[in-house]
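Per-entry structural report
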Amino acid sequence: MMQVLKQYNPESEKEKNYKIKMLHLYNSKKEVAFSRQNIQAHFTASAWIIDPNSYEILLLHHKKLNKWLQPGGHADGEMDLEKVSRKEAYEETGLEDLSLIIKGIFDIDIHLIPENKGVPQHYHYDVRFAYFCNDRTRTQINSESNKFQWIEIEKVKNLTNEPSILRMVNKTKIMLDES
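This text gives an overview of the structure that appears in the document. Everything numeric in this text was worked out from a predicted model, so none of it was measured.

Scoring rules and cut-offs
- Residues numbered from 1 in each chain as written.
- Predicted model: local features only at pLDDT ≥ 70, side-chain atom pairs only at ≥ 80, totals over all residues.
- Heavy atoms only, no water.
- Helix = DSSP H or I, 4+ residues; strand = E, 2+ residues; numbered from the N terminus.
- Rg over C-alpha atoms; globule rule 2.2 N^0.38 Å.
- Buried < 20%, exposed > 50% of the residue type's maximum accessible area, 1.4 Å probe, protein only.
- Contact = heavy atoms within 4.5 Å.
- Lys, Arg positive; Asp, Glu negative; His and termini not counted.
- Charge placed at Lys NZ, Arg CZ, Asp CG, Glu CD.
- Expected span 1.5 Å × (residues − 1).
- Salt bridge = Lys/Arg side-chain N within 4 Å of Asp/Glu carboxyl O.
- Core = buried A, V, L, I, M, F, W, Y, C linked by side-chain atoms within 4.5 Å.
- 1 Å grid on protein atoms, 1.4 Å probe; cavity = no way out; pocket = protein on both sides within 12 Å on 5 of 7 lines; lining within 4 Å.
- Points joined across faces, edges and corners; volume = space filled by probe spheres on them.
- Nonpolar A, V, L, I, M, F, W, Y, C, P; charged D, E, K, R; others polar.

Thoughts on the overall build of the chain
Across its full length, the chain holds 5 helices and 8 strands. Helices (α) and strands (β) of the chain occur, in sequence order from the N terminus, as α-α-β-β-β-β-α-β-β-β-β-α-α. Its C-alpha atoms give the chain a radius of gyration of 15 Å, near enough to 16 Å, the size a compact globule of 179 residues would have. Dimensions along the principal axes, computed over C-alpha positions, put the chain at roughly 45 × 35 × 30 Å. With 179 residues in all, the chain has 49% of them scored as buried. Residue pairs at least 24 apart in sequence account for 68% of intrachain contacts in the chain once pairs closer than 6 positions are excluded. Charged side chains of the chain number 25 positive and 26 negative; the gap between the two group centres comes to 4 Å.

Considerations on unusual backbone geometry
One non-glycine residue, Tyr55, lies in positive phi territory at about 60 degrees. Residue placement: Tyr55 occurs in the loop between β1 (41-50) and β2 (57-62). Look at Tyr55 and you get partly exposed, because its relative accessible area is 35%. For Asp76, which is not glycine, the phi torsion reads 50 degrees and is therefore positive. Looking at the secondary structure, you find Asp76 in the loop between β4 (72-74) and α3 (81-93). Looking at Asp76, the relative accessible area reads 46%, which means it is partly exposed.

Focus on helix α5 (residues 163-178)
Three- or four-residue spacings in an α-helix give side chains the same orientation, since the helix completes a turn every 3.6 residues. For α5, built from 16 residues, the straight-helix expectation of 22 Å at 1.5 Å per residue is met to within 8% by its first-to-last C-alpha distance of 23 Å. Of all the positions in α5, only Ser164, Ile165, Arg167, Met168, Val169, Lys171, Thr172, Met175 and Leu176 are classed as buried.

Observations concerning the pattern of salt bridges
Summed over all chains, the structure comprises 19 salt bridges. Close ionic contact of Asp135 with Arg138 constitutes a salt bridge, the shortest N to O distance being 3.1 Å. A residue is classified by how much of its surface remains accessible, and Asp135, at 26% relative accessible area, is partly exposed.

Here's the deal with the environment of Pro163
Looking at the secondary structure, you find Pro163 in helix α5. Assessed through its relative accessible area of 58%, Pro163 is described here as exposed. Taking C-alpha positions, Pro163 is 9.9 Å from Asp109, a pair spaced 54 residues apart along the chain.

Here we look at the nonpolar core
Counting residues in each nonpolar core, the largest one holds 31 residues, and the members touching the most others are Met22, Phe34, Phe43, Ile49, Leu81, Ile108 and Val127. Those elements that place two or more of their residues in this core are α1 (2-7), α2 (13-28), β1, α3, β6 (107-113) and β7 (122-133). Each residue touching Phe43, except ones within four places of it in the same chain, is listed here: Met2, Met22, Leu25, Tyr26, Ala33, Phe34, His74, Ala75, Leu81, Tyr125 and Val127. Of all hydrophobic cores here, the second largest spans 14 residues; its members include Trp68, Ile153, Met168 and Met175.

Description of the environment of Ala41
As for its placement among the helices and strands, Ala41 is situated in strand β1. Put simply, Ala41 and Met22 are 19 residues apart on the chain and 9.8 Å apart in space, counted from C-alpha to C-alpha. Those residues in contact with Ala41 that lie beyond four places of it in its chain are Leu25, Tyr123 and Tyr125.

Some remarks on the environment of Lys103
Locating Lys103 in the fold gives a position in the loop between β5 (98-100) and β6. As a C-alpha pair, Lys103 and Phe129 span 26 residues in sequence and 8.7 Å in three-dimensional space.

Quick look at the layout of surface pockets
Computed from the structure, the largest pocket encloses a volume of approximately 1,100 Å³. Lining the largest pocket are 43 residues, and of these His62, Leu65, His74, Ile113 and His124 lie nearest its centre. Those elements that place two or more of their residues in the lining of the largest pocket are α2, β1, β3 (67-69), β4, α3, β6, β7 and α5. Estimated volume of the second largest pocket: approximately 220 Å³. Around the second largest pocket sit 10 residues that line it, and Glu11, Ile102, Phe106, Lys171 and Met175 are the ones nearest its centre. Of the residues in the lining of the second largest pocket, the class split is 5 nonpolar, 2 polar and 3 charged.

What follows is the structure, given as structure tokens:
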């Protein structure tokens, strides 16, 4: 996994800083970097899912965080974060027929998770992969979300002003223009 991260070429200064911090976490705490046992920070993975026909984006309204987000979650010891991304997408949306749009990482982000039910606040070092969904009719949610929405890329900003989501929207527009 770290080879994939090393090869990732961040587009912004923010992502360049995230990459440095992620590589430091991996190199300094390799044995717990992918586990919730590392209370301060750990790797997570998420799936940026796009309908290949309408170019709509799938977002979930997360119960605990009360935000519209892409599906994703904890690595729980798994170092293959693309595998984690697919697993989380399936667990949170029921979607399993996903095709990677680009080989490798689509986006990275580090964000603070607030204290919840005795788990202290901590950082998620999130590695994101972009997928086309080949059958969106199977979309459903699990108990972690209030609802889901397939939303036109231009309307994502009406649901959320999360900087990392808007960054992925911009990357998606560029990626789709190039294809």
